[in-house]
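Structural overview for review
Single-letter residue listing:
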Amino acid sequence: MGVRDALPLAAPGLLTEPGEHVADTRKHALAVCLTAAFMAGLDVSIVNVALPSIREGLHASEAGLQWILSGYALTFGLLLVPAGRLGDARSRRTVFMWGVALFTLASAACGFAPTMPVLIVSRLLQGLAAGMINPQVSGLIQQMFRGAERGRAFGALGATIGVSTAAGPLIGGALVSAFGADQGWRLVFLVNVPIGLVLVPLARRLLPPPERTGRRESMDPVGVLLLGVAVTVLLLPFIQQHQWPGAGKWLLVPASLALLAGFVAWERRYRGEPLVDLSLFRLRSYGLGTAIALLYFAGFTGIFFIFTLYLQAGLHYSPLLAGLAITPFAVGSAGAAVVGGRLVNRAGRRVVVAGLVTVVAGLLATMAATLVVPGRDVALATALPLLVAGVGSGLTIAPNQAVTLSQVPPAGGGSAAGVLQTGQRLGSAIGIAAAGSVFFGLLGQGWPVAFRHGLMVVVLFVCAGLAAALYDLLRRS
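Reading the values: the criteria
- Residues numbered from 1 in each chain as written.
- Predicted model: local features only at pLDDT ≥ 70, side-chain atom pairs only at ≥ 80, totals over all residues.
- Heavy atoms only, no water.
- Helix = DSSP H or I, 4+ residues; strand = E, 2+ residues; numbered from the N terminus.
- Buried < 20%, exposed > 50% of the residue type's maximum accessible area, 1.4 Å probe, protein only.
- Areas by Shrake-Rupley, 256 points an atom, 1.4 Å probe, with all protein chains shown as cover.
- Phe/Tyr/Trp six-rings, centres within 6.5 Å; stacked < 30°, edge-to-face > 60°.
- Lys NZ or Arg CZ within 6 Å of the ring centre and 35° of its normal.
- Polar contact = N/O pair within 3.5 Å; in protein donor to acceptor, adjacent residues only side chain to side chain.
- Contact = heavy atoms within 4.5 Å.
- Core = buried A, V, L, I, M, F, W, Y, C linked by side-chain atoms within 4.5 Å.
- Axes fitted to C-alpha atoms, helices over the stretch in contact; angles between N-to-C directions.
- Parallel < 35°, antiparallel > 145°, perpendicular 65-115°, else oblique.
- Left-handed = near helix turned anticlockwise from the far one by under 90°.
- Nonpolar A, V, L, I, M, F, W, Y, C, P; charged D, E, K, R; others polar.
- Salt bridge = Lys/Arg side-chain N within 4 Å of Asp/Glu carboxyl O.
- pLDDT = per-residue confidence, 0-100.
- Patch = residues over 30% accessible without salt bridge, like charges linked within 9 Å, V, L, I, M, F, W, Y side chains within 5 Å.
- Arc of directions from axis to C-beta.

The subject of this paragraph is the overall build of the protein chain. When you go through the protein chain residue by residue, the secondary structure sums to 17 helices and 0 strands. Counting only C-alpha atoms, the protein chain reaches 60 × 50 × 50 Å along its principal axes. Burial statistics for the protein chain: of 477 residues in total, 57% are counted as buried. Entry remark: accessible area of the protein chain is about 18500 Å², with carbon and sulfur atoms responsible for 69%.

Next up, the structure:
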């Protein structure tokens, strides 16, 4: 069954009178959403290549640098579900605008930060703002588009996510190389400011207003608290893996699972509008799609983490060259995401399966390339395999999101997307911790060996996601 079978063919209230003006308005609104998603996604990876400059410029410790990366991921994941619920219940446009405004101010604070504590706090606020923005983008796509149009819109979103994450090192490397170590890292953050200043008024003019239901829904504050604490406790041992010595930190994982169990029990008994509609997980497309997203992002994000380390620290690439080496993945991902968004309406989960198989093939070929060419020319040797893996990624992220949300009512699109994206953030943290542990543990045997073993961890995560996608496909058959 394709996505088309699960959706009505037209968006009520949007296409009642066909006209070029309405279609153009929605396209412009989608462009606003995608620009904000690009800005938030870019800051996941753009900072990686600027870390050496930040360490030199602000005399940062290793723990401080870790918090610049992990703090953003933590607060990003913390707010996804509550912000999605707030947008569904009140106004996605309003939450989107506040998120963009906060992201712009936090980016300016990061860029002008005089000390590491100021930079870390600003980075935490930037993550909170990104967590406000992202679920509104998916919710607005759910609200504005139906059928094949929704698939194409999610295809564009998938291309945006893929390009922003993969192009971050290239853009960051170019800024640091062009403006020097002292000012380049500041521009990595300040580049967001003019974009944000333009987006806020455009969002107010172009994004659709809230759909009035005549009642004011509860925001489930107890559910927000329980889920927020559970997500924080679960993420902390992964993002602080190298800063907190000893095995005691892993006791937080079962503690977080206990909190999640308490959250589920509360949601089942809550008499108002729950933070998360647990009945969604009875839909196989949603439950398995969320699992696929978590597993794929555990691998997807780990690729850039260990490859950038290998190139810069192991082979002494400049930030710009390290970013260029990852560009083939971004190019393949962007092109294939648009195609995947068009195909998913007809082929459904089969597009996701094909994408995951292609990713595995590309990553195995990347490993083989580092065996054949282990030296300074490794970027050239891995260009074609990374392009193939990027094509697979483009056929995975957007189609999976479209299939996962295909049976979700538009009224709950923001909170459902928030849960899906929280799974992606959890997967990213877990994947970076797992691949990084193997990578650092084998550095004594040489950088190429460490990279290949770290990449094997990535492949295993992607294969686990492929198994879930195949199971869903077989059940549908």
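Its identity as a non-glycine residue notwithstanding, His59 has a phi of 55°, on the positive side. The topology assignment puts His59 in the loop between helix 2 (51-58) and helix 3 (62-89). On the basis of relative accessible area, His59 is assigned to the exposed category, the value being 72%.

Moving on to the packing of aromatic side chains. The final tally for this structure, using the stated rule, is 12 aromatic pairs. Pairing Phe297 with Phe300 gives two aromatic rings, centres 5.2 Å apart and planes at 70°, and the pair type is edge-to-face. Placement of the pair is Phe297 and Phe300 together in helix 10 (residues 284-314), with a separation of 3 residues, close to one helical turn. The exposure class assigned to Phe297 is buried, which follows from its relative accessible area of 4%. Residue Phe300 is classed as buried on the basis of its relative accessible area of 1%. Members of the aromatic cluster, joined through ring pairs, are Tyr296, Phe297, Phe300 and Phe329. The ring of Tyr72 carries the charged tip of Arg123 above its face, separated from the ring centre by 4.2 Å. For the cation-ring pair, Arg425 lies above Phe76, with the distance from its terminal atom to the ring centre recorded as 4.7 Å.

So, about the side chain of Ser107. Residue position: Ser107 is located in helix 4 (residues 92-111). A distance of 2.8 Å separates the side chain of Ser107 from the backbone oxygen of Phe103, its partner in a polar contact. Once residues within four sequence positions are removed from consideration, Ser107 is found in contact with Gln126, Phe189, Leu190, Asn192 and Val193.

Moving on, we get to the environment of Leu343. Of note, Leu343 is situated in helix 11 (residues 319-347). Under the relative-accessibility criterion, Leu343 is labelled partly exposed at 32%. Not counting residues up to four positions away in its chain, the partners in contact with Leu343 are Gly348 and Val351.

Among the secondary structure elements, Thr422 is positioned in helix 16 (residues 413-441). Assessed through its relative accessible area of 9%, Thr422 is described here as buried. The residues contacting Thr422, other than those within four sequence positions of it, are Gly77, Leu80, Val81 and Val231.

Right, let's talk about the nonpolar core for a bit. Counting residues in hydrophobic clusters, the biggest one holds 105 residues, and the most contacted among them are Phe96, Tyr296 and Leu363. The dominant element in this core, judged by the number of residues it contributes, is helix 10, at 14 residues. Residues in contact with Tyr296, not counting those within four places in the same chain, are Phe329, Leu356, Val359, Ser393, Thr396, Ile397 and Val462. Formed by 21 residues, the second largest nonpolar core is a distinct cluster that contains Ile46, Val47, Val176 and Phe189.

On to the packing of helix 2 against helix 3. Where helix 2 contacts helix 3, the axes come no closer than 11 Å and their chain directions differ by 130°. Considered as vectors, helix 2 and helix 3 are oriented oblique to each other. For the element pair helix 2 and helix 3, the recorded crossing hand is right-handed. Touching Leu51, Ile54 and Arg55 of helix 2 are Glu62, Leu65, Ile68 and Leu69, all from helix 3. Of the residues belonging to the contact of helix 2 with helix 3, the class tally is 5 nonpolar, no polar and 2 charged.

Per the stated rule, a full pass over the model turns up 5 salt bridges. The partner of Glu149 in a salt bridge is Arg26, and the shortest N-O contact between them spans 3.1 Å. You can see Glu149 sitting in helix 6 (residues 147-190) and its partner Arg26 sitting in helix 1 (residues 20-45), a full 123 residues away along the chain. A relative accessible area of 25% means that Glu149 is categorised as partly exposed. Close ionic contact of Asp472 with Arg349 constitutes a salt bridge, the shortest N to O distance being 2.7 Å. Linking Asp472 in helix 17 (residues 447-476) with Arg349 in helix 12 (residues 349-372), this pair joins segments that are 123 residues apart in sequence. By sharing partners, the salt bridges in this structure join Arg284, Arg349 and Asp472 into a single network.

Turning our eyes to something else, we now look at the confidence of the model for the protein chain. For the protein chain, the average pLDDT comes to 83, and 92% of its residues sit at 70 or higher. Ignoring residues within four places in sequence, the model shows residues 1-23, a span with pLDDT below 50, making 34 contacts including any to other chains.

Okay, a nonpolar patch on the surface next. Together, Val331, Leu384, Leu387, Val388 and Val391 line one region of the surface with nonpolar side chains, adding up to about 380 Å² of accessible area. Tallying contributions element by element places helix 14 (residues 383-394) first for the nonpolar patch, with 4 residues.

Our focus in this paragraph is the environment of Gln407. Within the secondary structure, Gln407 sits in the loop between helix 15 (397-404) and helix 16. In sequence terms Gln407 and Ser138 are 269 residues apart; their C-alpha atoms lie 14 Å from each other.

Attention now moves to helix 2. Residues three or four positions apart in an α-helix share a direction because the helix packs 3.6 residues into each turn. Taken together, the buried positions of helix 2 are Leu51, Ser53, Ile54 and Leu58. Along the axis of helix 2, the buried residues cluster in a sector spanning 155°; they form a single face. Just downstream of helix 2, His59 is the residue with a positive phi angle, here 55°.

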